[in-house]
Amino acid sequence: MVPNAPSVVPSRVSFSIDLRHPDNAVLDAAGARIAALCQQNAAPCAVTVTPLVDAPSNAFDPRLRASIAEAARAQGHSAMEILSAAGHDARHLAKICPAAMIFIPCRDGASHVEHEWAEPDHVAAGASVLAQVLRELAFAPGIAV
């Protein structure tokens, strides 16, 4: 907000919306709906909607996702599917080969920010799950990864 001061009506306000959905049609429709709603409800102010990133949903390899979940549970860890719009290598590799990602908990759910913190035990658990999945893939008969 400008100015960012108490008891002052700001002359400008900026905010961001991070849209995520596994279905790109739903994602596109939501983005269009938000832009339309902003325009419809802006008066008497002016509004500008500027997409910053276009990160369509992509599906990771179901076999790898299942292997990761199975390894986590076998080691006594919980596992859940999550959506990520992060631009990790796996996102780009998924277009040309089987890919998946392993996420670990971060304090307050904060990720990709300077105050991100993961407990060493969580980091070790993620590495252990990765090691188990890689070991299974390395010794699986007839599987080329």
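All of the points below concern the structure found in this document. Computed from a predicted model, the values in this text were never measured in an experiment.

## A word on a nonpolar patch on the surface
Part 1: Together, Met1, Val13, Phe15, Ile17 and Leu19 make up an exposed nonpolar region whose accessible area comes to about 530 Å².
Part 2: The topology assignment puts Met1 in the segment before α1 (24–40).
Part 3: Its relative accessible area of 57% is what places Met1 among the exposed residues.

## Quick notes on the side chain of Gln132
Part 1: If you trace the backbone, Gln132 turns up in helix α4 (residues 120–139).
Part 2: The buried category is assigned to Gln132, whose relative accessible area is 14%.
Part 3: Of note is the side chain of Gln132, whose polar atom sits 2.8 Å from the side chain of Gln75.
Part 4: Beyond its immediate chain neighbours, meaning those up to four positions away, Gln132 contacts Ala71, Ala74 and Gln75.

Basis of the calculations
- Residues numbered from 1 in each chain as written.
- Predicted model: local features only at pLDDT ≥ 70, side-chain atom pairs only at ≥ 80, totals over all residues.
- Heavy atoms only, no water.
- Patch = residues over 30% accessible without salt bridge, like charges linked within 9 Å, V, L, I, M, F, W, Y side chains within 5 Å.
- Areas by Shrake-Rupley, 256 points an atom, 1.4 Å probe, with all protein chains shown as cover.
- Salt bridge = Lys/Arg side-chain N within 4 Å of Asp/Glu carboxyl O.
- Helix = DSSP H or I, 4+ residues; strand = E, 2+ residues; numbered from the N terminus.
- Buried < 20%, exposed > 50% of the residue type's maximum accessible area, 1.4 Å probe, protein only.
- Polar contact = N/O pair within 3.5 Å; in protein donor to acceptor, adjacent residues only side chain to side chain.
- Contact = heavy atoms within 4.5 Å.

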